[in-house]
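The chain contents come next:
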Amino acid sequence: MSDGGRPGRVAILISGRGSNMEALLRGMRSGAIAAEPAVVLSNKRSAKGLETAAAAGIPTEVVRRRKGMTHEDHDRLVIEALDRYDIDLVCLAGYMRLLSPLMVARFPDRILNIHPSLLPAFPGLDAQQQALDYGARFSGCTVHFVDEECDHGPIVTQAAVSIEPGDDASSLSARILEQEHRIYPEAVALFFQGRLSVEGRQVRIAPATGTPAAG
Ligand code: GAR
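Quick caveat: nothing in here was measured; it's all calculated off a predicted structure.

J.: In this structure, what is going on with the site of the ligand? I would like to understand it.
T.: Contacts to the ligand come from R17, G18, S19, N20, G94, M96, I114, H115, P116, D151, L177 and E180. Between the ligand and the protein, one listed contact pairs a nitrogen atom with a side-chain N or O atom of H115 at 3.0 Å. Note that an oxygen atom of the ligand is positioned 2.7 Å from one of the side-chain N or O atoms of E180. Relative to its unbound accessible area of 450 Å², the ligand is 88% covered by the protein chains. Of all the secondary structure elements, the ones that give two or more residues to the shell around the ligand are helix 1 (19-30), strand 5 (111-115) and helix 6 (169-192). Class assignment of the residues belonging to the shell around the ligand gives a composition of 4 nonpolar, 5 polar and 3 charged.

J.: Can you walk me through the packing of aromatic side chains in this structure?
T.: Two aromatic rings are characterised by how far apart their centres lie and by the angle between their planes. Under the counting rule described, the total for this entry stands at 2 aromatic pairs. Arranged with centres 5.6 Å apart and planes meeting at 65 degrees, the rings of F122 and Y134 form a pair that is edge-to-face. Residue F122 is located in the loop between strand 5 and helix 5 (127-134), and its partner Y134 is located in helix 5; the two are separated by 12 residues in the primary sequence. Using a relative accessible area of 67% as the deciding quantity, one classes Y134 as exposed. A centroid spacing of 5.0 Å and a plane angle of 80 degrees characterise the contact between F191 and F192, whose relative ring orientation is edge-to-face. The pair formed by F191 and F192 is uniform in burial state, with each residue classed as buried.

Conventions we followed
Per chain, residues are indexed from 1 in the order of the written sequence. Only residues with pLDDT of at least 70 are given local features in this predicted model, and only at 80 or more are side-chain atom pairs given and counted; all residues enter the totals for whole chains, interfaces and linings. Derived side-chain values reflect all non-hydrogen atoms in the structure, with water molecules and hydrogen atoms excluded from consideration. Whether a residue is near a molecule or strand depends on its heavy atoms: if one lies within 4 Å, it is near. N or O atoms within 3.5 Å of each other form a polar contact, as long as, within protein, one can give a hydrogen and the other can take it, and as long as residues adjacent in sequence are counted only when both atoms are side-chain atoms. Residue burial considers only the protein chains on display, and all accessible areas are found by Shrake-Rupley using a 1.4 Å probe. In this description a helix means any DSSP run of H or I spanning at least four residues, a strand means any run of E spanning at least two, and both kinds are numbered starting from the N terminus. Amino acids are sorted into nonpolar (Ala, Val, Leu, Ile, Met, Phe, Trp, Tyr, Cys and Pro), charged (Asp, Glu, Lys and Arg) and polar (every other residue, Gly among them). When two rings of Phe, Tyr or Trp (its six-membered ring) have centres within 6.5 Å they constitute a pair, described as stacked for plane angles under 30 degrees, edge-to-face for angles over 60, and tilted for the intermediate range. Categorising residues by exposure relies on relative accessible area from a 1.4 Å probe, with only protein chains included: less than 20% of the type maximum marks a residue as buried, more than 50% marks it as exposed, and the intermediate range marks it as partly exposed.

Written out as structure tokens, the structure is:
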């Protein structure tokens, strides 16, 4: 629930396929996440996930970055669009744009991102290929709050995935994606249970109410 007693409202931002978006939608549909999808927004008209969202009856928006627009100009349009939907949480789900300080300030501690590596290792593009090129034995995925720096904000949760001999970017991405689809809905569920608080770089996860004390 949001503060107003109504179900929480989520904006999902995508640039492509939208499989993490689908995982979040499943979580909301099943009731595992106590919130509803308010809008799916993309910076790319061709994003496959827009069709999926529209087919599920979810409002969609496209806000393209036109030539000459600064990052901030673009984010101002994104904020204008999101402000029509009374949003409690913004979930970046394969949204391949760095957010401007304007956007981060509009939704303080209310933007989550999923990234396909164990941050702070391998931020930025092609994280899975970066892990392979580096010779890492493990990689994984991270859900974190978004700040002004790329793939940098306070970490909510992570899952590790081993890198096997013979892995390529595609096989590793597929194994990491399975974990992404598990931990992203879990993190969003915690957010709407009001169990996440941010103190500097630390994200505290409060115990579930009604959980018997250990021991
Ligand atoms: C996912 O692997 C996500 O972690 C990654 O893009 C993919 C999107 O897939 N995001 C980033 O690399 C952001 N830095 P999806 O569209 O099927 O969810």
